Amino acid sequence: MTGRPEAKGQRSKQTRVSRGSDQWRAIASLVERWFRANKRPLPWREAYEPWHVWVSEVMAQQTRMDVVVARFPELVARFPTIESMARASEADVVAAWSGLGYYRRARMLHRGACEVMSRFGGELPAAVEALRSIPGVGRYTAGSIGSIAFGLPAAIVDGNVARVVARLDMIDAPLKSGALEKRAWELAEALVGAARRPRDFNQGLMELGARVCTPQNPACDGCPLTAYCRAFEANRVEEFPVRVATKRPVDVAIPLYVFTDKSGRVLFRRGEGKLMHDMLHLPHGSDALYPHPLKISKPGPVVGTVKHSITSRRITFEVHCPAPGAKAVADAPGEWLWLAPEELASHAHPSYVRKALQLIAALRATEGRR
Ligand code: SF4
């Protein structure tokens, strides 16, 4: 249900009235109570250790929560303290981040850890302004660490929070616009300022957005905020946040070559530049997206495909296993190297590389059984 039945089909003509402090307190209290009754048992919620909260927030910024939960334990086992990450090389941190994408996050987390060691003696400061002075820690992350790790009344606005408050207050501004962002931060600040436990409130508002006030078909029936939600009151939930037309992602097919030598090693290129992110890639054809394609005389047939999405592209990698002796010319910068597939784990690489090698291994296992 996404609105009051009696209001169905009607548009509210109510005049926007600002909320008093009693309303902020009531909303905050409902969110906190809902959170305590419904919170998911996430690993960093066991002790709210500040380093764990920081890592989880950085991971969750552009990665699905199920993936974050699956990868979090190995990451904090590999880097159990800020000091351990600061002592590691950036390449080690990026390698540990492999498959999570958006590798700039890993580099900035490493830089941030180094800074915390040099300026704060290895302990995250319990003050929002000091947190914001750490490289890679912006307004959102500082608010997350401040409130979740230290219980400070610091606001946070992510996509989930923006959606909930856009509906709560019927914010008439497009999604991702400066106007929506400004108003969302104002509301989030008013609300967290009225919360008894900012830690529970902020996590509750994010989780309410992720599980109840979802982008499509929000479950208003199970929402604790119906009495205070203006979009629900006006039966206009589907209209908020205001959407703008987005470009459809472009489909691109790119040949991908898995060259194998006699001892089973695979040929990789450590790419340079923004798209290649200094990571290990497999040689590829077509410069539709990645520059410097390999020119090859006999690529052999396509043995399978691997799907990969980046920014506004949906890529289908068409995987070839060129026969020994195939002539190939690569006019590409970067380092070429032969590695055994099991060595891949210690080098940073995008997830499509691992999927392509898994595809080849599965094909060879099938052939071996025949
Ligand atoms: Fe529905 Fe609650 Fe979201 Fe309002 S805040 S739209 S009542 S789910």
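This report concerns the structure included in the present document. Per chain, residue numbering runs from 1 following the sequence as it is written. In view of the model being predicted, local features appear only for residues whose pLDDT reaches at least 70, and side-chain atom pairs are presented and counted only at 80 or more, with totals across whole chains, interfaces and linings using the full set of residues. With hydrogens and water set aside, each side-chain value is computed from the structure's full complement of heavy atoms.

A closer look at the nonpolar core
Inside soluble globular proteins, nonpolar side chains tend to come together where they are buried.
Inference 1: Membership of the largest hydrophobic core comes to 81 residues, with the highest contact counts inside it found for Trp 54 and Trp 97.
Inference 2: Helix and strand assignments follow DSSP, with helices taken as H or I runs no shorter than four residues and strands as E runs no shorter than two, numbered in order from the N terminus. Tallying contributions element by element places helix α10 (residues 178–194) first for this core, with 8 residues.
Inference 3: Every residue pair with non-hydrogen atoms within 4.5 Å of one another is taken to be in contact. Once you skip the residues sitting within four places of it in the chain, Trp 54 turns out to touch Ile 82, Leu 109, Gly 112, Ala 113, Val 116, Leu 124, Ile 134, Val 137, Thr 141 and Ile 145.
Inference 4: We define the nonpolar core as a collection of buried residues of types Ala, Val, Leu, Ile, Met, Phe, Trp, Tyr and Cys that are connected through side-chain atoms lying within 4.5 Å of one another. We call a residue buried when its accessible area falls under 20% of the maximum for its residue type, exposed when it is over 50%, and partly exposed in between, using a 1.4 Å probe and counting protein chains only. Leu 282, Val 306, Ile 310 and Phe 317 belong to the second largest nonpolar core, which has 21 residues in total.

With respect to the site of the ligand
Inference 1: One heavy atom within 4 Å of a molecule or strand makes the whole residue count as near it. Near the ligand, the surroundings consist of Arg 167, Cys 213, Cys 220, Cys 223, Thr 226, Cys 229, Phe 232 and Val 237.
Inference 2: As a working rule, the residues Ala, Val, Leu, Ile, Met, Phe, Trp, Tyr, Cys and Pro are called nonpolar, Asp, Glu, Lys and Arg charged, and the rest polar, with Gly in that last group. Across the shell around the ligand, the residue classes tally to 6 nonpolar, 1 polar and 1 charged.

What about the sheet that holds strand β5 (residues 302–310)?
Inference 1: For two strands to count as paired, DSSP must find a minimum of two bridges between them. Reading across the sheet, the 3 strands line up as β1-β6-β5 and stay open at both edges, with mixed pairing between neighbours. Looking at strand neighbours, the two that pair on one side only are β1 (250–257) and β5, the edges of this open sheet. Averaged over all neighbouring strand pairs, the angle between strand axes comes to 25°, with direction disregarded.
Inference 2: Judged from the 8 bridges that link them, β1 and strand β6 (residues 313–320) form a sheet pairing that is parallel. Considered in β6, the bridge of Asp 251 is made with Arg 314.
Inference 3: Interaxial angles span 0 to 180 degrees and are taken between N-to-C directions of axes, which are lines fitted to C-alpha atoms, for helices over the stretch in contact. Along the sheet, helix α13 (residues 351–369) contacts β1, β5 and β6; its crossing angle with β5, the most-contacted strand, is approximately 160°.

Looking at the pattern of salt bridges
Inference 1: For this analysis, a salt bridge means a side-chain nitrogen from Lys or Arg found within 4 Å of a carboxyl oxygen belonging to Asp or Glu. Inspection of every chain in the model, using the stated rule, returns 22 salt bridges.
Inference 2: Two residues, Glu 32 and Arg 36, come together in a salt bridge whose shortest N-O distance is 3.8 Å. With Glu 32 and Arg 36 both in helix α1 (residues 21–38) and 4 residues apart, the pair spans about one turn of that helix.
Inference 3: Residue classification places Glu 32 among the buried positions, given a relative accessible area of 3%.
Inference 4: For Glu 207, the salt bridge identified is with Arg 45, shortest N-O distance 2.7 Å. With a gap of 162 residues between them, Glu 207 in helix α11 (residues 198–211) and Arg 45 in the loop between α1 and α2 (50–60) connect regions that are remote in the sequence. In this pair, the class of Glu 207 matches that of Arg 45, namely buried.

A short note on the sheet that holds strand β2 (residues 266–270)
Inference 1: Spatially, 3 strands are ordered β3-β2-β8 in an open sheet, and the strand pairing comes out antiparallel. Bordering the open sheet on either side are β3 (280–281) and β8 (335–339), each of which pairs with just one other strand.
Inference 2: Direction of pairing for β2 relative to β3: antiparallel, over a ladder of 2 bridges. In the sheet register, Arg 269 faces β3, and the bridge partner there is His 281.

Geometry only, nothing functional implied.
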